[in-house]
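# Tertiary structure, described
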Amino acid sequence: MKRTAAAALAVILMALAAVPSAAVYAQDTHREFEYDVDTAWTPDDVQEMLDYATYWVGKIDYASAQNGTDPNNKRFEELYEGGSTDCSWFVYHVLFRYGLLTKFVHSYEWGNNPDRYPGAHNIGSDINKAVPGDILCTGKGTASQNSHVLIYLGGGQVVECASGKGGVVTGSAPHHIREIVHFDCIPTHDAAKGVDTD
């Protein structure tokens, strides 16, 4: 699946997304690619998705029903500059856009309920087995209040939407990982390490 042909369109759509509008729900719009977890991705495909995720660094604030900062459910809306979301919805918006999810997955469901994310499987908690595009799960994993999810960028770095960090940020991968989720269509070869993790 060649995704780089859509890169120019993605830039245009991100620019348009910078203009807030009435609530637009992810389930209804903004899927750039049809749902497909069977077709193998290229490293360029993965990088395009990660570029989209990191585009929002410093542009999205944190808001959640868990701490009362999202009374109007802004996290459900498409991502836009000046908008707000939480960790689960950030991961959802990115993966939905690139055809990896059909429905929302709560932070505590990641790593616990593979039926919620078909085409992916849990690979344990060893960060050395993670590749760019994997989902890292932390916390107890029993409720939204005690769980967190991040997107692995490679090289020990992640992108996440975190309450204590002001929104979407990049940084080092957490030390205590509960589970890593890998989509089978994403290549397991990590160019940064020069090894195949299969």
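Our structure's up above, just so we're on the same page.
Residues numbered from 1 in each chain as written. Predicted model: local features only at pLDDT ≥ 70, side-chain atom pairs only at ≥ 80, totals over all residues. Heavy atoms only, no water.

### Some thoughts on the pairing of strand β7 (residues 167–172)
The sheet contact formed by strand β6 (residues 157–162) and β7 spans six bridges and is antiparallel. Across the sheet, the residue bridging to valine 159 is threonine 170, located in β7. The loop that links β6 with its antiparallel partner β7 comprises four residues; one of these, glycine 166, has a positive phi angle of about 90 degrees. (Pairing = 2+ DSSP bridges. Helix = DSSP H or I, 4+ residues; strand = E, 2+ residues; numbered from the N terminus.)

### Remarks on the sheet that holds strand β3 (residues 120–122)
The sheet built from six strands is open, its strands ordered β3-β8-β4-β5-β6-β7 with antiparallel pairing. A strand with exactly one partner marks an edge of an open sheet, and here the two such strands are β3 and β7. Averaged over all pairs of adjacent strands, the angle between their axes in this sheet comes to 30 degrees, without regard to strand direction. Strand direction decides the pairing type here: β3 and strand β8 (residues 179–183), joined by three bridges, are antiparallel. By the bridge assignment, histidine 121 is partnered in β8 with histidine 182. (Axes fitted to C-alpha atoms, helices over the stretch in contact; angles between N-to-C directions.)

### Some details on the pairing of β6
Most of β6 is tucked away: five of the six residues are buried. Taken together, the three bridges between strand β5 (residues 147–154) and β6 define a ladder with antiparallel strand orientation. Looking across to β6, one finds that glycine 154 is bridged to glutamine 157. Taking the residues between adjacent antiparallel strands as the criterion, β5 and β6 are bridged by two residues, where glycine 155 takes a positive phi near 60 degrees. (Buried < 20%, exposed > 50% of the residue type's maximum accessible area, 1.4 Å probe, protein only.)

### Comments concerning the packing of aromatic side chains
Scanning the entire structure with this criterion turns up ten aromatic pairs. On the basis of an interplanar angle of 90 degrees and a centroid distance of 4.8 Å, the ring pair of tyrosine 55 and tryptophan 56 is categorised as edge-to-face. Here the aromatic residues Phe33, Tyr52, Tyr55, Trp56 and Tyr98 are joined through ring pairs into a cluster of three or more. It is lysine 59 that lies over the ring of tyrosine 55; its NZ or CZ is 4.4 Å from the centre. (Phe/Tyr/Trp six-rings, centres within 6.5 Å; stacked < 30°, edge-to-face > 60°. Lys NZ or Arg CZ within 6 Å of the ring centre and 35° of its normal.)

### Some details on the nonpolar core
Nonpolar side chains in soluble globular proteins tend to end up buried together. Membership of the largest hydrophobic core comes to 39 residues, with the highest contact counts inside it found for Phe90, Leu95, Trp110, Ile151 and Phe183. Elements supplying a minimum of two residues to this core: α2 (43–55), α3 (87–97), β4 (135–139), β5, β6 and β8. If we skip the residues at most four places from it in the chain, tryptophan 110 touches Val91, Leu95, Leu101, Val105, Tyr117, Ile135, Cys137, Val149, Arg178, Val181 and Phe183. (Core = buried A, V, L, I, M, F, W, Y, C linked by side-chain atoms within 4.5 Å. Contact = heavy atoms within 4.5 Å.)

### Describing α2
Its 13 residues give α2 an end-to-end C-alpha distance of 18 Å, which sits within 8% of 18 Å, the value for a rise of 1.5 Å per residue. Listed as buried for α2 are Asp45, Val46, Glu48, Met49, Leu50, Tyr52 and Ala53. (Expected span 1.5 Å × (residues − 1).)

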